[in-house]
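Results of the structural survey
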Amino acid sequence: MKKIAIIGGGIVGATAAYLLSKEPGYAVTLFDQETGQATKAAAGIISPWLSKRRNQKWYALASDGAHFIAQLAQETGMSPQTYLQSGTIVTRKDPQALDALEALAHERRQSVPMMGKIERLTRTQIKERMPLVTADLQGVFISGGARIDGQRFVADLLKLSQQNGSQIWHEKVMLKNDQTVQTTHQDLTFDVILLCAGAGVNELLAPLGYEVTVHPQKGQLIELKVPTYPEDQYAPVLMPEGEKDFMPIGNGRLIIGATHENEPEFDLEFTQEAFDELVASAQRMDANIHKSDLLATRVGTRAFTDDFSPFFGWLPENSHVLVASGLGSSGLTTGPLVAKLMTTMLTQQTSYANYQKDIETYLHKKE
Ligand SMILES: Cc1cc2nc3c(=O)[nH]c(=O)nc-3n(C[C@H](O)[C@H](O)[C@H](O)COP(=O)(O)OP(=O)(O)OC[C@H]3O[C@@H](n4cnc5c(N)ncnc54)[C@H](O)[C@@H]3O)c2cc1C
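Fair warning: this is a prediction, and the values are worked out from it, not measured in the lab.

Let's shift gears to empty space enclosed by the protein. Under the counting rule described, the total for this entry stands at 1 cavity of 30 Å³ or more. Estimates place the volume of the largest cavity at around 40 Å³. As for the largest cavity, its lining consists of Leu132, Val226, Pro227, Tyr229, Asp232, Pro248, Ile249, Gly250, Gly252 and Arg253. It is strand 17 (residues 245-250) that provides the largest number of residues to the lining of the largest cavity, a total of 3 residues. Tallied by class, the residues present in the lining of the largest cavity amount to 6 nonpolar, 2 polar and 2 charged.

Okay, structure coming up:
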């Protein structure tokens, strides 16, 4: 039996734990401190195809990631509250920009059948699909776009992993060396350690003498109470140009998110400033929203790199530690595939150069 430690129980760690728990020959122990987790706080939009980003490696990872997450949801029998192909609507104010967006969607659809049906929607058609919207919008609908509930997704995978024999410890741990995890009461030794700690990676790798260029970014979002309407639990996600994402999720709940704040770093306080910004954006989409409609707030810490790209693989000059981080604002989309590729690296020698730059771009051993 190979003893595997996983540090971090967000979407990367939980997926890795589930995948390894299905394989014979691995004994998995996952450690998670349960604070600041980006996965629990996330909005949950899985729709990378019309992103303005030009990074082709990121696009390949995100597009294949969207496909893998659908497979995983199907394989594990996740409920529609956890994973739903609701479709997504992306808007543009300028008609020419909308033409370009529609053309891009059709071009990308040729190599990504999962995108499904592509439709250009008028203001009236958007209102038919999203009765809450009062704004005058035009957009492109992609039926293959999805939304997930990160917290449920991870809980489902961890439960299955435990049923397959994995152990889960709820505490903060440190690395004593590249095979030893230091818990509050004891040191535990493993054959391989998977670091899936999001923005916590710098602190974990410092004692091993590695410098990592991963930065924390605060993200805040709100849930509002809205009137219910038939089929609201299947509503598409609205991604309005220049505004916050607008996600009715059924049962009179609407998610508005999210902020991107580089300054407050690991601070997990929900702020009045974020509330005002998020509500104002929501009101521009739905004029009937009031500040008093607040149901819940969420705050999480994203991990991002200087080029906003995720990375994963073996630590340079080491054969015991696999690491993944820097998933930024699209980590629910890329996370499960990153976990799958990481676990593949346990048995295959590859760096997945089609999906990422060399890992030494993001971390190196100090002289
Ligand atoms: C507000 C917000 C909205 C977002 N919306 C979307 C979206 O719509 N679509 C999308 O694709 N992505 C979205 N993201 C991004 C996405 O949530 C993240 O990129 C992704 O969840 C990162 O997953 P992870 O597993 O790498 O890290 P995390 O989810 O942060 O998990 C890391 C875990 O490691 C634990 N940990 C760290 N250090 C230690 C330690 N020393 N010991 C024990 N445990 C430790 C942490 O507590 C945490 O639980 C959003 C993020 C935020 C914050």
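Next comes the rest of the description.
Not every one of the 38 residues close to the ligand is listed here, only the nearest: Asp32, Thr39, Ile45, Gly328 and Thr333. A distance of 2.7 Å separates an oxygen atom of the ligand from a polar atom in the side chain of aspartate 32. Within the backbone of serine 330, one N or O atom sits 3.2 Å away from an oxygen atom of the ligand. For the ligand, whose unbound accessible area comes to 1,000 Å², protein coverage reaches 96%. The set of elements that each furnish at least two residues to the shell around the ligand consists of helix 1 (11-22), helix 2 (38-41), strand 19 (294-305) and helix 9 (331-344). Class assignment for the residues of the shell around the ligand results in 16 nonpolar, 17 polar and 5 charged. Here the shell around the ligand spans two domains, since at least three of its residues come from each of domain 1 (2-39 + 151-214 + 307-362) and domain 2 (85-146 + 216-303).

Size of an interface, as often reported, equals the accessible area lost when the parts are brought together. Here the protein chain is partitioned into domain 1 (2-39 + 151-214 + 307-362) and domain 2 (85-146 + 216-303). Contacts between the two partners involve 11 residues from domain 1 and, on the opposite side, 8 residues from domain 2. In total, domain 1 and domain 2 occlude about 700 Å² of area from one another, counting both sides; carbon and sulfur atoms represent 65% of this. Linking domain 1 with domain 2 are 0 salt bridges. There are 3 residue pairs in polar contact (both at pLDDT 80 or more) connecting domain 1 and domain 2.

How each quantity is defined
- Residues numbered from 1 in each chain as written.
- Predicted model: local features only at pLDDT ≥ 70, side-chain atom pairs only at ≥ 80, totals over all residues.
- Heavy atoms only, no water.
- 1 Å grid on protein atoms, 1.4 Å probe; cavity = no way out; pocket = protein on both sides within 12 Å on 5 of 7 lines; lining within 4 Å.
- Points joined across faces, edges and corners; volume = space filled by probe spheres on them.
- Helix = DSSP H or I, 4+ residues; strand = E, 2+ residues; numbered from the N terminus.
- Nonpolar A, V, L, I, M, F, W, Y, C, P; charged D, E, K, R; others polar.
- Near = heavy atom within 4 Å.
- Polar contact = N/O pair within 3.5 Å; in protein donor to acceptor, adjacent residues only side chain to side chain.
- Areas by Shrake-Rupley, 256 points an atom, 1.4 Å probe, with all protein chains shown as cover.
- Domains from an automatic or database assignment.
- Contact = heavy atoms within 4.5 Å.
- Buried area = accessible area lost by both parts, 1.4 Å probe.
- Salt bridge = Lys/Arg side-chain N within 4 Å of Asp/Glu carboxyl O.

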